[in-house]
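Examining the three-dimensional arrangement
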Amino acid sequence: MKTLLLTRRLAIAAAAALTTLAAAAQDIKLGFNGDLSASPSAQSGAAGVLGIQAAIEDINAAGGINGRKLTLVVRDDQSQPPRSIQNMSDLIDNEKVAAVFGPTNSGNAMAWKNIPNQKKVVSMGMIGGGTDITKPLSPGADNYMFRVSIVDREQVAALMAYAKKAGFKKVGLIAETTGYGTGGLKDMQEIAKLHGIEPAAVERFAVADTDMTSQLNKMKAAGVDLIVVWAQGTPTGQLMRSMEKINYFPAVLSSWAADNVTFYDAAGKTLAEKPVFMRTMVDPTTPKQKALFERVKGKLAAPSAFTFTAHGYDAVLLIAAAIRQAGGTDGEKMRAALEDLNAPVEGVMKTYNKPFSKTQHEALTAADFAFVKWSDGKLTRHSDAVVQSLTAADFKR
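Read on for an overview of the structure. The structure presented is a predicted model; accordingly, all values stated were derived computationally and were not measured.

Counting across every chain of the model gives 25 salt bridges. Close ionic contact of Glu-95 with Lys-29 constitutes a salt bridge, the shortest N to O distance being 2.7 Å. Taken together, the residues span a long stretch of sequence, with Glu-95 in the loop between helix H3 (81–94) and strand S3 (99–101) and Lys-29 in strand S1 (residues 28–34) at a distance of 66 residues. In this structure, the salt-bridge partner of Lys-245 is Asp-211, at a minimum N-O distance of 3.7 Å. Of this pair, Lys-245 sits in helix H9 (residues 233–245) while Asp-211 is found in the loop between strand S7 (201–205) and helix H8 (213–221), placing the two residues 34 residues apart along the sequence. Owing to a relative accessible area of 52%, Lys-245 belongs among the exposed residues under this scheme. We classify Asp-211 as partly exposed; its relative accessible area is 38%. Residues joined by salt bridges that share partners form a network here, namely Lys-29, Arg-75, Asp-90 and Glu-95.

So this is what it looks like as structure tokens:
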């Protein structure tokens, strides 16, 4: 009898050990939730996924994380907030992902940011730049929203510093009516006020509009000599076309969406060369950047989309570092690890030395951005007397 009981206990212990080993060997699921097919920014989402997949391939080829492979579950939200919310719940509740990347569109992140915070699952943004995405739900609350991408308010700080230093007489603000445009307009108005700039005109347009001559005529009548626009690539291109219709060409500063090939295609070569904007990368220049570009270039909608590939790649490396430091995929421990990473992460964009803290969830800041414009069909670094004269004291936030 004793022998039988001992045998049963050994069998149970062995089964438990096997279960533990099986659990340890399970793949670590990561998720992407963003637009891959619908909005003017969809090609950015697709480029970001290429970066995520490349990083996962490299980590798995090196043995994974503590012997566990990474896998990716992709959900296309088609730029629709309700679908994006549904995707987020599905990825966390049903797919049991350890972290979620995306979205492509800032408004969608604002629609569901409460979900990862409530479920305690890290969200690592790598495309959408909306300022409020990474802010906690309440002051001092644990925050599961992190980002490796450009930040709207940091862009606006630079653009408004440029506008002030260049001495434009009358500044006009114009934005699309999406969540992206609304957030950007709020940043523009607030930072313009910090510089003592009173906008001579403020206008809006729908993301699908193709004729903005009515809004532009109002700006022209107000004597606007600089327009700052916050919109996705295609409508910004249509805005430039509308300027041509009424032969009105003030200086133009734009959100970084003007780097999108959809902007270039909508505006055409000549008009596309007018706006100046910000970017986290002009061209792949380092050995790591060049190597990654060679891997994905055949799958990119345009070379200009590579920036998002680099963001996606680095986002995975940061998540992997958090999992290693946390000793697993517990969301609370991963968040705490990200806020105090104990070792540098060698990324494609840069080396990340403690990029996050309890109150700072942006891996890239204004110091990582450059002024850019289109020239002969390529993105080029823009440098003029105003850019060269800007100092840290000029950037108001």
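The subject of this paragraph is the side chain of Thr-307. When you line up the elements, Thr-307 lands in helix H13 (residues 306–326). A polar contact is formed between the side chain of Thr-307 and the side chain of Arg-279, at a distance of 2.8 Å. Setting aside its immediate chain neighbours within four residues, Thr-307 contacts Trp-256, Arg-279, Thr-280 and Met-281.

The next point concerns the packing of helix H2 (residues 42–61) against helix H12 (residues 287–296). Between H2 and H12, the shortest axis-to-axis distance is 11 Å and the interhelical angle comes to 110°. Of the possible angle classes, the one that applies to H2 and H12 is roughly perpendicular. On H12, the residues that touch Leu-50, Ala-54, Glu-57 and Asp-58 of H2 are Leu-292, Arg-295 and Val-296.

Leaving glycine aside, a negative phi is the common case for residues, and trans is the common case for peptide bonds. Cis rather than trans, the peptide bond between Gly-102 and Pro-103 has omega equal to 0°. Structurally, the position occupied by Pro-103 is in the loop between S3 and helix H4 (106–112). Positive phi, close to 65°, is recorded for Ser-79, a residue that is not glycine. You can see Ser-79 is positioned in the loop between strand S2 (70–76) and H3. What makes Ser-79 partly exposed here is its relative accessible area of 25%. One non-glycine residue, Asp-376, lies in the positive phi region at around 55°.

This part takes up the pairing of S7. Where burial is concerned, the two faces of S7 differ: the one with Ala-201, Glu-203 and Phe-205 is buried and the one with Val-202 and Arg-204 is not. Pairing geometry for strand S6 (residues 171–176) and S7, over five bridges, is parallel. What sits directly across from Leu-173, in S7, is Val-202.

Quick notes on the rules
- Residues numbered from 1 in each chain as written.
- Predicted model: local features only at pLDDT ≥ 70, side-chain atom pairs only at ≥ 80, totals over all residues.
- Heavy atoms only, no water.
- Salt bridge = Lys/Arg side-chain N within 4 Å of Asp/Glu carboxyl O.
- Helix = DSSP H or I, 4+ residues; strand = E, 2+ residues; numbered from the N terminus.
- Buried < 20%, exposed > 50% of the residue type's maximum accessible area, 1.4 Å probe, protein only.
- Polar contact = N/O pair within 3.5 Å; in protein donor to acceptor, adjacent residues only side chain to side chain.
- Contact = heavy atoms within 4.5 Å.
- Axes fitted to C-alpha atoms, helices over the stretch in contact; angles between N-to-C directions.
- Parallel < 35°, antiparallel > 145°, perpendicular 65-115°, else oblique.
- Pairing = 2+ DSSP bridges.

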